[in-house]
Amino acid sequence: MFKIRDITITGAAITREIRYSIISLGIALLANGYAIVKYQAGWGELITQLPFVLALALVLYLIAAALRLLFHSLRWIAAAAWRKK
Amino acid sequence: MKGIMTGAGSGLMLASAPWLKVFSGKAAAPSALERVRLGIIGVGDRGSALLQNIQAFALPLNVEIAAICDNYEPNYQRALELTAGKAAGYRDYRRLLERTDLDGVVVATPLHVHAPVTLDALQAGQQVFCEKSMARTLDDSKAMYDLHRRTGRILQVGHQRLFSPIYLDAMKKIRSGELGQITHIRGYWHRNSDWRRPVPAGRPDLERKINWRLYTEYSAGLFTELMSHQLQVASWIKGMQPVSVVANGGLIYWKGKREVYDHVAALFTYPDDAQFIYDSINSNKHYGVEEQIFGSRGTLELEVNKIYAETPPAPPAIRQLVHDLEEDLFATIPIGGASWVPETAVRSEGGYITGNYRMDETRLQLEAFVGYIRAGQAPEELTRQAYYATVWSLLAEEAARTGARLKLEERYHV
């Protein structure tokens, strides 16, 4: 039988993810404001489109997470290849 | 009943539908209302449906179905059962009309019998509700209208869309200018059936009696049984009557099983050159029934309670931004080929004409009839619209038969 390793989620890791979430939300909110100006919509959409903005922030966060995962995976592979040498 | 007059704009409602005035007063307690006694002549499919609608409001509106009449025994027996034997039964409508205690009669016989029964009822001093269309011939229709005017008795005809909250709210929007200029109306009624009712085994003599709608002696088929409803709506919306009609008809699919056409098409022209284009078929039901009202600023689909702005409102800005980014990133790059993009239908969900759609217009028109009986009169516009819907439907049948473009002779104008 396989044994699942214990994983420790550090405070630093949580803080990092919160930072990324805030950045994603900030970008989504700025995009909403930019769109309102560009398409001459009403400023009420800052509030009425919050659900869509939150969904957009989630998508941005997931894209960033995927890119970070890819980056760290490539770095790990490179380090493993170097160690073998 | 009161709900039909809710909301601001009831003045506008009354302007486009003065027959609703009967609903604008304060509802009285049943005991305060003088009892209205009705007789129903013709209790087949439609007649028994009307009977049950009347029963639904009989108690609160103090209405009694005092008599029923039918010369087809199964219908006669069914009607007596529906009234739990409380209504007196007649097999000859003339015996029913001899009663002096009735306040009104409902006529739901086959079309070719509408005229003799209604004329006799008006002569007997009855207030009359007659199912649509008015009569089988132009002369009979005119005779009914003229006698109604001469006697001053009510003649209400069963065009229930005149009482539908959807159609009434649509009329408010049209009259307010929200749809712009109404330039074109299209109607259709598509079914996939032979339109037959079962005939008892071993009784071929009942074929024409039961399936009267299929024989030209008794009915104009799709023109009078279906189109007249939608033609009435089109003329009501335009606020005018057609000036001419061309039509075509064919027996294409249900050959050998009927005399009336099973596929018809008609084109009515109005004084302002707007057109009402109509078709009705019996071999495909995909598109069902609809009246499409095309205005310069919007479109209505009345049977499904939908309204569409000609220029749909723009989506929220953030969604437009995301959409534009997606287009920029993922749109294919055309390499040669046609650059023309076809003008396909506008894909907009639109909105609802009214949220007040649960009221049954068949019941509302019968409630109104009771109200008119109590008032002693009904708005003339009701009868006039029904008359013109009938005569123009009959003209369409003749146009299909002759291939001619027909106008209504002056002697039939009212």
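Here the structure is a predicted model, which means the values were calculated and not measured.

**Things to note about the overall build of chain A**
- Within chain A, the regular secondary structure consists of three helices and zero strands.
- Taken from N to C terminus, the helices and strands of chain A fall in the order α-α-α.
- Its C-alpha atoms put chain A at 60 × 30 × 25 Å along the principal axes.
- For chain A, the residues scored as buried account for 16% of the 85 residues in total.
- When the accessible area of chain A is evaluated, it comes to approximately 7100 Å², of which 73% is carbon and sulfur surface.

**Digging into the pattern of salt bridges**
Residue and element names in this part refer to chain B.
- All chains considered together, the criterion is met by 27 salt bridges over all chains.
- Across the pair R46 and E131 runs a salt bridge whose closest N-O atoms are separated by 2.9 Å. Taken together, the residues R46 in helix α2 (residues 45-61) and E131 in the loop between β5 (127-130) and α6 (138-151) connect sequence positions 85 residues apart.
- In this structure R46 comes out as partly exposed when scored by relative accessible area, which is 30%.
- A salt bridge links R136 to E397, with the shortest nitrogen-to-oxygen separation between them at 2.8 Å. Residue R136 is found in the loop between β5 and α6, and its partner E397 is found in helix α12 (residues 380-402); the two are separated by 261 residues along the sequence. Here R136 matches E397 in class, with each residue buried.

**Digging into the sheet that holds strand β2 (residues 63-69) of chain B**
All names here are of chain B.
- Pairing is parallel in the open sheet, where six strands are placed in the order β3-β2-β1-β4-β5-β6. For this open sheet the edge positions go to β3 (88-90) and β6 (155-157), each flanked by a neighbour on one side alone. The mean inter-strand angle of the sheet, taken between neighbouring strand axes irrespective of direction, is 25°.
- Against the sheet, α2 makes contact with β1 (36-41), β2, β4 (104-107) and β5, and its axis sits at roughly 155° relative to β2, the strand it touches most.

**A short note on the interface of chain A and chain B**
- Facing the 11 residues of chain A at the interface are eight residues of chain B.
- When chain A packs against chain B, the two sides together hide about 880 Å² of surface, and 72% of this comes from carbon and sulfur.
- For the chain A face of the interface with chain B, the top three residues by lost area are Y39, Q49 and F52 of chain A, together amounting to 58%.
- The tally of links between chain A and chain B comes to zero salt bridges.
- The interface formed by chain A and chain B contains three residue pairs in polar contact (both at pLDDT 80 or more).

**A short note on the environment of V43 of chain B**
Residues and elements named next belong to chain B.
- Position of V43 relative to the elements: it lies in the loop between β1 and α2.
- Considered as a pair, V43 and C69 are 26 residues apart in the sequence and their alpha carbons are 6.9 Å apart.
- Filtering out sequence-adjacent residues up to four positions away, V43 remains in contact with S48, L51, I68, C69, D70, N75, R78 and A79.

**Concerning unusual backbone geometry**
Residue and element names in this part refer to chain B.
- A cis geometry characterises the amide bond from K132 onward to S133, with omega recorded as -5°.
- Phi is positive for A84, which is not a glycine, with a value near 55°.
- By secondary structure assignment, the location of A84 is in the loop between α3 (73-82) and β3.
- We classify A84 as exposed; its relative accessible area is 60%.

**Comments concerning the pairing of strand β10 (residues 275-281) of chain B**
Residue and element names in this part refer to chain B.
- Summarising the sheet, strand β7 (residues 182-190) and β10 pair through seven bridges and their orientation is parallel. Its bridge partner lying in β10, I185 is registered against F276.
- As defined by bridge partners, strand β9 (residues 263-269) adjoins β10 across seven bridges and the pair is classed as antiparallel. Opposite V264, over in β10, you have S280 as the bridge partner.
- The antiparallel pairing of β9 with β10 creates a hairpin that spans five residues between the two strands, and D273 there sits at a positive phi of about 75°.

**Notes on the packing of α2 of chain B against α3 of chain B**
Residues and elements named next belong to chain B.
- One can describe the packing of α2 onto α3 by two numbers: an axis separation of 11 Å at closest approach and a directional angle of 10°. Viewed along their axes, α2 and α3 adopt a mutual orientation that is roughly parallel. In this structure, α2 uses D45, S48, L51, Q52 and Q55 to contact α3, whose residues at the interface are R78, A79 and L82.

**Details of the sheet that holds β10 of chain B**
Residue and element names in this part refer to chain B.
- The strand order across the open sheet formed by eight strands is β8-β9-β10-β7-β11-β12-β13-β14, and the pairing between neighbours is mixed. The open sheet is flanked by β8 (244-250) and β14 (351-352), the only strands paired with a single partner.
- Note: β7 against strand β11 (residues 289-295), seven bridges, orientation antiparallel. From the neighbouring strand, Y188 faces β11, where its bridge partner is E290.
- Its contacts with the sheet place helix α9 (residues 222-238) against β7, β8, β9, β10 and β11, and it is angled at close to 160° to β7.

**Examining helix α3 (residues 50-84) of chain A**
- Taking 1.5 Å as the rise per residue, α3 of chain A with 35 residues should run 51 Å; its terminal C-alpha atoms sit 51 Å apart, in good agreement.
- Turning to α3 of chain A, its buried residues are V53, L56, A57 and R68 of chain A.
- Each element contacted by the buried residues of α3 of chain A is listed here: α1 (11-38) of chain A together with α10 (317-330) of chain B.

What counts, and where the lines are drawn
- Residues numbered from 1 in each chain as written.
- Chains lettered and ligands numbered in written order.
- Predicted model: local features only at pLDDT ≥ 70, side-chain atom pairs only at ≥ 80, totals over all residues.
- Heavy atoms only, no water.
- Helix = DSSP H or I, 4+ residues; strand = E, 2+ residues; numbered from the N terminus.
- Buried < 20%, exposed > 50% of the residue type's maximum accessible area, 1.4 Å probe, protein only.
- Areas by Shrake-Rupley, 256 points an atom, 1.4 Å probe, with all protein chains shown as cover.
- Salt bridge = Lys/Arg side-chain N within 4 Å of Asp/Glu carboxyl O.
- Pairing = 2+ DSSP bridges.
- Axes fitted to C-alpha atoms, helices over the stretch in contact; angles between N-to-C directions.
- Contact = heavy atoms within 4.5 Å.
- Buried area = accessible area lost by both parts, 1.4 Å probe.
- Polar contact = N/O pair within 3.5 Å; in protein donor to acceptor, adjacent residues only side chain to side chain.
- Parallel < 35°, antiparallel > 145°, perpendicular 65-115°, else oblique.
- Expected span 1.5 Å × (residues − 1).

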